[in-house]
Structures are given as structure tokens and as C-alpha cells.
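Inside the fold
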Amino acid sequence: MFAEYSVPEIDRILTDDGNIIIVRAANNHLIELKNIIYPEIHEKVKTSSIKTFPDFCVEQENFSYKVTIQSTEDLLSLLLMTPHYWKIKPEGIENLKKFEFLEVTISIEIDLLKRQK
């Protein structure tokens, strides 16, 4: 997740019977965490979920579920695994340290790409 990819490079290296899976965070992914670490949330407007892949069939699935993070240490570890860690102000981390547990939403978009035959 969060990685850039090149459509021409995928087209170049993917075999005729190969598949590629692209996973992205959906709008509500970790929304509870964002509400704690940011003073206000500015949602990005998505023009398209996925880049255009000519000559590929794209199957899309969305998944969303909740999970409880059981400790402050684990919440801070989760934050370190996100790009949010590099964007927030110190107050955001201090706000998160006040929580001993937190139920968060995991919300992802998954695309399976296959060459059209």
C-alpha cells in the first residue's frame, strides 16, 4: 500500500498469464486514528481509484472491518507504519499517547489485473 507504480513497467514485465494485485487505502482507512492525530481532516478528492491499464481486465474488491489495537505502544507502532507519522505535529503524537486502546477501521481497495486474451 502507498507505493507508486508504473503502468508501462508493469506491462513490460508481466507475463501473458501473470496477474498483479494493487492494494490501496480507502477513504475511511484508520479514520479513528486520523481523528486523534490531526486537528481536522481534509479528505483528498480521488479522481480515479486506479491508473488506466490498457489491455488489462481489472477486478475490484473493497474490504472494510474493525480491529481493536490493545495498547498505547501498539498504537504508536501502527502510526509509525503509516505516512501520517511524517506529517503530523508533535501534539498529534501526544494525543495518541492518551489512549490505552482504540478500535480502528481497516478499509482497503484491492484490484486484480489480468491481461485480456
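This one's a predicted model, so the numbers in the text were calculated from it and none came from an experiment. (Residues numbered from 1 in each chain as written. Predicted model: local features only at pLDDT ≥ 70, side-chain atom pairs only at ≥ 80, totals over all residues. Heavy atoms only, no water.)

1. Focus: the overall build of the protein
Stated precisely, the cut-off is as follows: Helix and strand assignments come from DSSP, with helices taken as H or I runs of at least 4 residues and strands as E runs of at least 2, each series counted from the N terminus. Values of the radius of gyration come from C-alpha atoms, whereas the globule rule sets the reference at 2.2 Å times the count of residues to the power 0.38. A simple rule labels every residue: compare its accessible area, found with a 1.4 Å probe on the protein chains alone, to the largest value its type can have, and call it buried under 20%, exposed over 50%, or partly exposed in between. Two residues qualify as a contact provided that any one of their heavy atoms is within 4.5 Å of a heavy atom in the partner residue. Accessibility throughout is a Shrake-Rupley quantity obtained with a 1.4 Å probe, and a residue counts as covered only by protein chains that appear here. Residues scored as charged are limited to Lys and Arg (positive) and Asp and Glu (negative), so that His and the chain ends carry no count. Charge placement uses NZ in Lys and CZ in Arg. For Asp and Glu, CG and CD serve respectively.
Of regular secondary structure, the protein possesses four helices and three strands. Starting at the N terminus and ending at the C terminus, the protein contains elements arranged as α-β-α-β-α-α-β. The C-alpha radius of gyration computed for the protein amounts to 17 Å, which surpasses the reference 13 Å derived for 117 residues by more than 25%, pointing to a less compact arrangement than a globule. A buried classification covers 33% of the 117 residues belonging to the protein. For the protein, contacts bridging at least 24 residues in sequence account for 84% of all contacts bridging at least 6. Working note: accessible area of the protein is about 8,300 Å², and carbon and sulfur atoms make up 54% of it. Of the side chains in the protein, 14 bear a positive and 19 a negative charge, and the two mean positions are spaced by 3 Å.

2. Considering the sheet that holds strand β2 (residues 56-69)
Rules: Pairing between strands is defined by DSSP: at least two bridges between them are needed. What counts as an axis is a line fitted to C-alpha atoms, over the stretch in contact for a helix, and the angles between N-to-C directions run from 0 to 180 degrees.
Strands sit in the order β1-β3-β2 across an open sheet of three strands; the sheet is antiparallel. Each edge of the open sheet carries a strand with a single partner, namely β1 (19-25) and β2. For this sheet, the mean inter-axis angle between neighbouring strands, taken without regard to orientation, is 20°. Pairing of β1 with strand β3 (residues 102-115) involves seven bridges; the strand directions are antiparallel. Looking across to β3, one finds that Ala-25 is bridged to Ile-108.

3. A closer look at the pattern of salt bridges
Put simply, the rule reads: Each reported salt bridge corresponds to a side-chain nitrogen of Lys or Arg within 4 Å of a carboxyl oxygen of Asp or Glu.
One pass over the full model with this rule turns up eight salt bridges. Salt-bridge contacts for Asp-111 lead to Arg-24; the nearest nitrogen and oxygen are separated by 2.4 Å. Taken together, the residues span a long stretch of sequence, with Asp-111 in strand β3 and Arg-24 in strand β1 at a distance of 87 residues. Exposure class is identical for Asp-111 and Arg-24. Each is buried. Two residues, Lys-97 and Glu-94, come together in a salt bridge whose shortest N-O distance is 3.5 Å. Connected through salt bridges with shared partners, the residues Asp-11, Asp-16 and Arg-115 form a single ionic network.

4. Considering the confidence of the model for the protein
So the rule is basically this: Each residue carries a pLDDT score, the predictor's confidence in it, ranging from 0 to 100.
For the protein, per-residue confidence averages 90 on the pLDDT scale, and residues scoring 70 or more make up 92% of the total. Averaged pLDDT values for the elements of the protein fall to 88 in helix α1 (residues 7-13) and rise to 98 in helix α3 (residues 72-80).

5. Digging into unusual backbone geometry
With phi around 55°, Leu-30 is a residue other than glycine that occupies positive phi space. Mapped onto the fold, Leu-30 is located in the loop between β1 and α2 (31-37). Here Leu-30 falls in the buried class, since its relative accessible area comes to 4%. The residue Asp-55 is not glycine, and still its phi comes out positive at about 65°. Positionally, Asp-55 belongs in the loop between α2 and β2. A relative accessible area of 58% means that Asp-55 is categorised as exposed.

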